[in-house]
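Inside the fold
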Amino acid sequence: MSRLFRTVVLVAGLASILGAGTARSTTAAIKLSAYHEPPRLIQRGSPATLAYALLDGSVRGTLYVRSSLRRSYTRITLTRRAYCPGDPVDAAAMRRDKVCGDALVARVPSKLTTGSKLFYYAVLRDPASGRSVTVPAGGADKPQRVWIVDRFLAVSLGTHRFGQVRAPDAIVARSGPRGVGLTCCSDPPGGDGPSSFDVAPDGSIWVLDRLNHRMLEWRAGQPARPVRSVGLPRNLSVNDFALGRDGTFYARAVDTADLGRGNKNHLYALTPTGRVRWKAPGTTGIDTAQLQLGPDGALYAVQACGEECAPFGGHASWTPLTTPVGRPLSLAERARQASPFEPLPGGMRLVTELSYSVARFALINRADEVVRTWRVTSRTRLSGMFAAPALVGGDLVVPLEVSTQQHWEKLVLRLGPTGGTRVRFALDDRPVIGEVNLFAPLRIDSGGSLYQLRTNLKTGASVARYSLGPA
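Our subject in this report is the structure included herewith. The numbering scheme is per chain: residues are counted from 1 as the chain's sequence reads. The predicted origin of the model limits local features to residues at a pLDDT of at least 70 and limits the giving and counting of side-chain atom pairs to 80 or more, whereas totals for whole chains, interfaces and linings rest on all residues. Heavy atoms from the whole structure form the basis of all side-chain values; hydrogens and water molecules are not counted.

This brings us to the overall build of the protein chain. Across its full length, the protein chain carries three helices and 34 strands. Radius of gyration means the value over C-alpha atoms here, while the globule rule gives 2.2 Å times the residue count to the 0.38 power. Whereas a compact globule of 471 residues would reach a radius of gyration of roughly 23 Å, the protein chain reaches 23 Å, a difference of no more than 12%. Across its three principal directions, the C-alpha atoms of the protein chain cover 65 × 55 × 45 Å. Burial here depends on accessible area, computed with a 1.4 Å probe over protein chains only, as a share of the maximum for the residue type. Under 20% is buried, over 50% is exposed, and the range in between is partly exposed. A buried classification covers 52% of the 471 residues belonging to the protein chain. Whether two residues are in contact is decided by their heavy atoms, any of which lying within 4.5 Å being enough. In the protein chain, the proportion of contacts linking residues at least 24 apart, taken out of those at least 6 apart, comes to 57%. The protein chains shown are the only cover counted for residues, whose accessible areas, like all others here, come from Shrake-Rupley with a 1.4 Å probe. For the protein chain, the exposed area adds up to about 21100 Å²; of that, 51% sits on carbon and sulfur atoms. Asp and Glu are treated as the negative residues and Lys and Arg as the positive ones, with His and the ends of the chain left uncounted. Think of each charge as sitting on NZ of Lys, CZ of Arg, CG of Asp or CD of Glu. Taking the average place of the 60 positive charges on the side chains of the protein chain and the average place of its 36 negative ones, the gap between the two points comes to 3 Å. Labels follow the DSSP assignment, with helices taken as runs of H or I lasting at least four residues and strands as runs of E lasting at least two, numbered in each case from the N terminus.

What follows concerns the side chain of Thr62. Here Thr62 shows up in strand 3 (residues 60–67). Owing to a relative accessible area of 1%, Thr62 belongs among the buried residues under this scheme. Think of a polar contact as two N or O atoms within 3.5 Å of one another; within protein, one of them needs to be a possible hydrogen donor and the other a possible acceptor, and neighboring residues in sequence only count if both atoms come from side chains. Within the local environment of Thr62, its side chain forms a polar contact with the side chain of Arg125, the two groups lying 3.2 Å apart. Not counting chain neighbours up to four residues away, the residues in contact with Thr62 comprise Arg75, Ile76, Leu78, Tyr121, Ala122, Val123 and Arg125.

Once that is clear, we can look at the pattern of salt bridges. Should a side-chain nitrogen of Lys or Arg be within 4 Å of a carboxyl oxygen of Asp or Glu, the pair is scored as a salt bridge. Enumeration over the complete set of coordinates arrives at 20 salt bridges. A salt bridge links Asp198 to Arg443, with the shortest nitrogen-to-oxygen separation between them at 3.5 Å. Residue Asp198 is located in strand 11 (residues 197–199), and its partner Arg443 is located in strand 32 (residues 442–445); the two are separated by 245 residues in the primary sequence. In this structure, Asp198 and Arg443 share a single accessibility class: buried. We note a salt bridge from Arg277 to Asp246, for which the minimum N-O separation is 3.8 Å. You can see Arg277 sitting in strand 18 (residues 276–281) and its partner Asp246 sitting in the loop between strand 15 (236–243) and strand 16 (249–255), a full 31 residues away along the chain. We classify Arg277 as partly exposed; its relative accessible area is 43%.

Turning our eyes to something else, we now look at the pairing of strand 7 (residues 132–135). Note that strand 6 (residues 117–125) and strand 7 share four bridges and pair antiparallel. Bridge assignment links Leu124 to a residue of strand 7, and that residue is Val133. The pairing criterion is simple: DSSP has to find at least two bridges between the two strands. In this structure, the hairpin formed by strand 6 and strand 7 is closed by a connection of six residues, where Gly130 is found at a positive phi of approximately 80°.

Cysteine sulfur atoms that pair up within 2.5 Å are treated as a disulfide. Taken as a whole and assessed by the stated rule, the structure comprises one disulfide. In this model, Cys84 is linked to Cys100 through a disulfide, with the two sulfur atoms separated by 1.9 Å. Because the sign of the S-S torsion sets the handedness, a value of about 105° for the bond joining Cys84 and Cys100 places this disulfide among the right-handed ones. Highlighted residues: Cys84 in the loop between strand 4 (74–83) and helix 2 (91–96) and Cys100 in the loop between helix 2 and strand 5 (101–108), separated in sequence by 16 residues. Both residues of the pair, Cys84 and Cys100, count as buried.

Moving on to the packing of aromatic side chains. Only centres within 6.5 Å qualify two rings of Phe, Tyr or Trp (six-membered ring in Trp) as a pair; their planes then separate them into stacked at under 30 degrees, edge-to-face at over 60, and tilted for everything else. Scanning the entire structure with this criterion turns up eight aromatic pairs. Among the aromatic residues, ring-to-ring pairing joins Tyr64, Tyr73 and Tyr121 into one connected group. Residue placement shows Arg66 over the ring face of Tyr73; its charged tip is 5.4 Å from the ring centre. By definition, being over a ring means that NZ of Lys or CZ of Arg is both within 6 Å of the ring centre and within 35 degrees of the ring normal.

This is the structure:
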């Protein structure tokens, strides 16, 4: 699927989903489960909009809201009107893209957006049956909470200039076209080849040579050729992996030998010699980054929610797949521990909000307090973030995607502690053959380097390194 076609599909899906709430079924019970994306970061003293979409047109609702400075909730009636799932400044562009729809909406007045947090819950009702649900289910005792921010650090990107991508500082791994499996113009569209990689703590580079069913290792400082090859089970079509601390390969794969019904996508733990240690169910949703090892050693999947909710900017989650010592979590444990916030070293969490021209980021500490926040604005459309941000020397590094018409690039930002950017550069948007994965093959390490996997039918495969230090 081409990037343009994929975008059309996502946009059309969002429009149909949000618009579906206006038609009432006469044969089925009215559903009271709503699509709701909390505005995680609210400017202090500014009104806020809360919306509940994916609801039948007959559903009514009431919002109950209070700030951290108040004990009692204020009651606000939810009214049906148009809703665009992004920053208000992008509403006109979203309407042109037909990604807005019908929703129950409440406008929280500025007198309530005081203190450090906003707490709220909604009661949704079906007048015909008398049924009602509380969202979230804990109501006043366990409400939804979002952070109220006094000041965002400003980062203005202006208009992006395409075609000025940065050259690598070094090539840390390479193989000629005969050294890895590469195909052109087959299924998936555009060809196939190495699709994922990782960097070990000792600096060695591991690349998934998926067509040859193996992992290839390059030692640090020896980029010319791989020093080791680890064969993978032939029945596994692996598309992504991450290295565990004990040398385990955690892999997303399809079991091509499974001829039964049901989902063939699974998570595997493979030994350092490529044997299956355990197999667990895969996760549903759209993978938006490579499998990630969290600060405590647990494995995480980063995903958008997929078809059941709006894919733009909402319902992205960090789902733990294993315990810190590498045991698989059950589906119930995954769901219970999933969070919209990325876990970072030192007990920090990252809050991310993306829209067409505005991105907001916040670092939250163990005490659930805002440490630092940024508001990034761009005259060129921000099309998403398909790799995981990271902390480098205490600074936040974010790999955004920017686009205009047929042009797409990755824009890497090291955000400054007082605003602006300390480092900023562009990379090719799709440096690999084929579209096995939606996410970008990028890794950021805490030592101050960004790595990118690149494949080409003529030159083969390589991993490039870019310094994230100030020039």
